[in-house]
Amino acid sequence: MRLFDIDRWEEIFDSLSKNRTRSILTAFGIFWGVFMLILLMGGGRGLETMLGSNLAGFASNSGFIFAENTGKPYKGFRRGRYWCIELNDVKRVKNCVEGVDVATPIIQNWGGTAMAGNHSCSVTVSGERSDYAQVDDPKIRFGRPLNDVDDMQHRKVCVVGTRIVEELFPELGKEDPCGRFIQLDGVYYCIVGVSGKSANGISLGGNAQTMVHLPYGTMQQTYNRGNRVDMLALTALPGYKMSDVQARTEQLLKRAHVIHPEDTEAVMKLNTEAVFAMIDNLFRGVSILVWMIGLGTLLAGAIGVSNIMIVTVKERTTEIGIRRAIGATPLDILSMVMSESVVLTLLSGMSGITLAVLILQGMEVGLRETAPDAQFQISFGVAVGAASLLAVLGLVAGLAPAIRAMKIKPVDAMREE
Amino acid sequence: MIRLTNIHKTYQGAQPLHVLKGINLHIKKGEFVAVMGASGSGKSTLLNILGILDSYDEGEYMLAGTPIRNLSETRAADYRNRMIGFIFQSFNLISFKNAVENVALPLFYQGVGRRKRNQLALEYLDRLGLKDWAHHYPGELSGGQKQRVAIARALITQPQIILADEPTGALDSQTSLEVMEILKDLHRQGLTIVVVTHESGVAYQTEKIVHIKDGVIERIEENLNPDANPFGIKTQMK
């Protein structure tokens with residue numbers, strides 16, 4: 001067949017453009033279906049990346065353990081006893097619990113005030129070892145993260161959140177504040193790094209942008225914390241589940257601190273794995289919904305195309321009869337209707353994709369300020385996939401009307417006047 | 001050119017309708033023939049069979065030496081395209097194509113390139129005096145002009161035979177005269193033309209009149225002087 005004859009395409013576009021209302025009506029269903037599918041997919045993705053950026057930097061297999069007052073009397077101790085995780089426990093957990101990768105202590109001071117010159121800013125102070133970066137990556141923007149030497153030598157250095165820099169050194173603008181000093185509770189610390197974490201992300205102990213990170217040893221000494229640890233942060237080795245690791249850690253801690261093994265109150269656990277799994281499930285649900293709605297709309301559009309094509313074939317009986325009478329073969333007619341359907345579907349689908357992509361781009365640009373990491377735009381592969389899906393839909397939609405058109409006898413042209 | 005031998009045709013249905021009951025007809029090359037009969041006489045069915053638009057049940061049909069029997073739709077379409085030019089009562093132009101495109105359409109199905117077929121179409125329109133109307137749509141043309149476009153379309157493939165089904169049926173007497181003049185002109189150029197009509201005024205402008213009644217040929221009348229007819233010039237068309 002003369003499938004790639006330019007004449008043929010002229011013929012198709014001719015009959016589509018000369019019957020504009022009909023074509024537009026037919027095209028709209030597909031247009032709307034694709035538009036909705038792409039828009040929903042982009043929106044779902046945007047939401048996911050937006051939330052994902054909030055979780056970014058956090059190890060997805062991490063967990064935290066706090067001490068709470070005991071909930072059961074045990075071995076002569078009364079209920080409601082106060083206890084603490086100690087530095088020894090950290091070592092013990094690291095050495096004895098199967099599946100632990102990082103185990104690191106954290107101490108925190110809430111409601112402190114940082115000062116520099118005339119400016120002040122309320123902050124949360126957190127003492128961390130360098131390996132805490134494997135649990136919660138500070139996303140260093142300027143300078144360097146805290147290291148082991150800072151910790152060992154109890155250096156008076158800090159990594160601060162962006163907000164602190166803005167408040168204390170407004171004259172710096174967006175420049176590097178490293179080397180400047182801030183004062184915390186009468187002690188001066190040199191800024192060695194700036195954390196780039198955003199305000200609405202997950203962080204332990206309040207807003208990441210108003211957080212001062214000190215070396216563990218420095219904070220331990222300055223604030224007279226001794227061996228007592230506020231929090232134990234853990235990550236699991238690959239292949240281990242955080243919940244199992246936490247359970248084993250809990251048993252170890254309970255044995256060490258003489259706590260009833262069945263006590264459910266004494267050890268508080270936080271598990272990002274569970275949070276991540278929940279969010280994953282949520283988005284899986286969202287994307288299933290998106291596909292269902294999108295494909296449903298698209299399918300409805302395709303059925304609409306098929307329907308209107310059938311009606312048009314009926315309406316075009318005379319025309320098709322004439323074509324047959326003057327020499328069109330049934331195959332000519334079949335391919336005419338089919339290619340009109342495919343061209344119509346592709347054209348309308350492409351414009352649907354284009355419009356949706358434009359809107360998604362607009363959303364991405366519009367939300368750049370508030371959510372810099374959000375990605376609404378669909379990938380090129382998805383667009384190509386959508387386009388080929390459209391071609392197939394067009395073919396399927398055109399099949400029934402085309403077969404009907406093929407069966408039109410040239411005599412029919414003369415019968416209907 | 002055309003040889004029909006004992007053609008039978010029955011329309012199947014709740015009540016089978018035996019439309020053609022043994023037609024024997026011989027039309028030589030260059031003849032100008034009218035098939036005449038009342039409605040229901042089977043003349044349209046005969047034309048459809050002649051034009052390979054319809055099949056027949058019994059008998060033999062030879063068109064230009066080719067037996068026309070049990071053709072596939074594709075072969076039939078090809079024969080229609082190359083051997084036969086149709087002229088219809090209701091013109092049957094495609095409304096969203098202009099005159100040139102309508103005339104060029106048969107060539108499109110032959111696979112002739114766009115430029116060449118449009119040039120040819122223009123030539124044929126010019127020959128029929130429609131050059132100035134070449135880019136008008138059928139809706140913008142008068143009945144006579146439409147029929148002339150249809151004639152140009154029938155001629156463009158240089159067919160062996162022109163089949164006209166009530167070519168003047170939708171026209172007033174003046175334009176009917178014009179259209180008949182064109183057909184006569186084509187006849188003088190040597191084309192074989194078969195006109196189906198129920199109007200004697202039209203029939204008597206041809207050379208040979210085949211009267212059909214109830215599915216059989218009643219008689220074949222030679223009309224030696226087509227220009228003189230029994231009804232006179234004023235009444236001849238309607």
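What counts as what
- Residues numbered from 1 in each chain as written.
- Chains lettered and ligands numbered in written order.
- Predicted model: local features only at pLDDT ≥ 70, side-chain atom pairs only at ≥ 80, totals over all residues.
- Heavy atoms only, no water.
- Contact = heavy atoms within 4.5 Å.
- Buried area = accessible area lost by both parts, 1.4 Å probe.
- Salt bridge = Lys/Arg side-chain N within 4 Å of Asp/Glu carboxyl O.
- Polar contact = N/O pair within 3.5 Å; in protein donor to acceptor, adjacent residues only side chain to side chain.
- Helix = DSSP H or I, 4+ residues; strand = E, 2+ residues; numbered from the N terminus.
- Nonpolar A, V, L, I, M, F, W, Y, C, P; charged D, E, K, R; others polar.
- Pairing = 2+ DSSP bridges.
- Axes fitted to C-alpha atoms, helices over the stretch in contact; angles between N-to-C directions.
- Expected span 1.5 Å × (residues − 1).
- Buried < 20%, exposed > 50% of the residue type's maximum accessible area, 1.4 Å probe, protein only.
- Arc of directions from axis to C-beta.
- Phe/Tyr/Trp six-rings, centres within 6.5 Å; stacked < 30°, edge-to-face > 60°.
- Core = buried A, V, L, I, M, F, W, Y, C linked by side-chain atoms within 4.5 Å.
- Parallel < 35°, antiparallel > 145°, perpendicular 65-115°, else oblique.
- Left-handed = near helix turned anticlockwise from the far one by under 90°.
- Patch = residues over 30% accessible without salt bridge, like charges linked within 9 Å, V, L, I, M, F, W, Y side chains within 5 Å.
- Areas by Shrake-Rupley, 256 points an atom, 1.4 Å probe, with all protein chains shown as cover.

Caption draft 1: Broad picture of the interface of chain B and chain A. Listed as interface residues are 27 residues of chain B and, on the opposing side, 27 residues of chain A. It is Phe96(B), Phe108(B) and Tyr109(B) that lose the most area in chain B upon contact with chain A, and together they represent 29% of the buried surface on that side. Salt-bridge contacts for Glu73(B) lead to Arg324(A); the nearest nitrogen and oxygen are separated by 2.4 Å. Between the two partners, chain B and chain A, sit four residue pairs in polar contact (both at pLDDT 80 or more). Secondary structure elements with two or more residues in the side of chain B that touches chain A: α2 (73-83), α3 (99-108) and α4 (114-127) of chain B. For the side of chain B that touches chain A, the element with the most residues is α2(B), which contributes five residues. Residue classes in the side of chain B that touches chain A are distributed as 13 nonpolar, seven polar and seven charged.

Caption draft 2: Local environment of the sheet that holds strand β9 (residues 208-213) of chain B. Residues and elements named next belong to chain B. Read from one edge to the other, the open sheet built from six strands follows the order β6-β7-β8-β3-β9-β10, with strand pairing classed as mixed. Both edges of this open sheet fall to β6 (84-87) and β10 (216-222), since each of them pairs with a single strand only. Averaged over all neighbouring strand pairs, the angle between strand axes comes to 20°, with direction disregarded. Docked against the sheet, α2 engages β6 and β7 (161-165), running at close to 80° with respect to β6.

Caption draft 3: Summary view of α4(B). Residues and elements named next belong to chain B. With 14 residues, α4 extends 20 Å between its outermost C-alpha atoms, agreeing within 8% with the 20 Å of an ideal straight helix rising 1.5 Å per residue. Those residues of α4 that sit buried are Arg117, Asn118, Ala121, Tyr124 and Leu125. Taken end-on, α4 shows its buried residues confined to a sector of 125°, consistent with a single buried face. Seen from the buried face of α4, the exposed residues on the opposite side, beyond 90 degrees, are Arg115, Lys116 and Arg127.

Caption draft 4: Spotlight on the pattern of salt bridges. Residues and elements named next belong to chain A. Applying the stated rule across the entire model yields 21 salt bridges over all chains. Close ionic contact of Arg144 with Asp150 constitutes a salt bridge, the shortest N to O distance being 2.8 Å. With a relative accessible area of 0%, Asp150 lands in the buried category. One salt bridge in this structure joins Asp150 and Arg155, with 2.9 Å as the shortest N-O distance. If you follow the salt bridges from partner to partner, you end up with Arg316, Glu319, Arg323 and Glu340 in one network.

Caption draft 5: Structural view of the packing of aromatic side chains. Residue and element names in this part refer to chain A. This model, assessed by the stated rule, comprises six aromatic pairs over all chains. Between Phe28 and Phe31, the ring centres sit 6.0 Å apart and the planes meet at 35°, which makes this aromatic pair tilted. Taken together, the positions of Phe28 and Phe31, both in helix α2 (residues 20-55) and three residues apart, correspond to about one turn of that helix. Judged by relative accessible area, Phe28 falls into the partly exposed class, the value being 47%.

Caption draft 6: Layout of the nonpolar core. Residue and element names in this part refer to chain A. Among the nonpolar cores identified, the biggest contains 44 residues, and Val93, Val160, Ile182 and Val212 are the most heavily contacted of them. If sequence neighbours within four positions are ignored, Val212 has contacts with Val123, Thr124, Val125, Ser126, Cys158, Val159, Val160, Ile164, Ile182 and Leu184. In this structure, Val34, Val290, Ile353 and Leu360 belong to the second largest nonpolar core, which totals 40 residues.

Caption draft 7: Region of the structure containing the packing of helix α5 (residues 143-155) of chain B against helix α6 (residues 173-188) of chain B. Residues and elements named next belong to chain B. Interhelical geometry of α5 versus α6 gives an angle of 20° and a closest axis separation of 10 Å. Judged by the angle between their axes, α5 and α6 are roughly parallel. For the pair α5 and α6, the sense of crossing is right-handed. Residues Gly144, Gln147, Arg148, Ile151 and Leu155 of α5 lie in contact with α6, whose contacting residues are Thr175, Glu178, Val179, Ile182 and Leu186. When grouped by side-chain class, the residues that make up the contact of α5 with α6 number five nonpolar, three polar and two charged.

Caption draft 8: Broad picture of the pairing of strand β3 (residues 32-36) of chain B. Residue and element names in this part refer to chain B. Among the five residues that make up β3, five are buried, leaving the element largely enclosed by the rest of the structure. By the alternation rule, side chains of β3 split into Phe32, Ala34 and Met36 and Val33 and Val35, which are all buried. Of the strand pairs in this sheet, β3 and strand β8 (residues 192-197) are connected by five bridges, and their pairing is parallel. Looking at β8, one finds that Val33 is bridged to Val194. Sheet topology note: the β3/β9 ladder contains four bridges and is parallel.

Caption draft 9: Quick look at a nonpolar patch on the surface. Together, Ile288(A), Leu289(A), Met292(A) and Ile293(A) make up a nonpolar patch on the protein surface, roughly 400 Å² of accessible area in all. You can see Ile293(A) is positioned in helix α8 (residues 272-315).

Caption draft 10: How the structure looks around the side chain of Ser126(A). All names here are of chain A. Secondary-structure assignment places Ser126 in strand β4 (residues 119-128). We classify Ser126 as buried; its relative accessible area is 0%. Here Glu128 takes part through its side chain, which lies 2.7 Å from a polar atom of the side chain of Ser126. Those residues in contact with Ser126, other than ones at most four positions away along the chain, are Ile106, Ile107, Gln108, Met211, Val212, His213, Leu214 and Met219.

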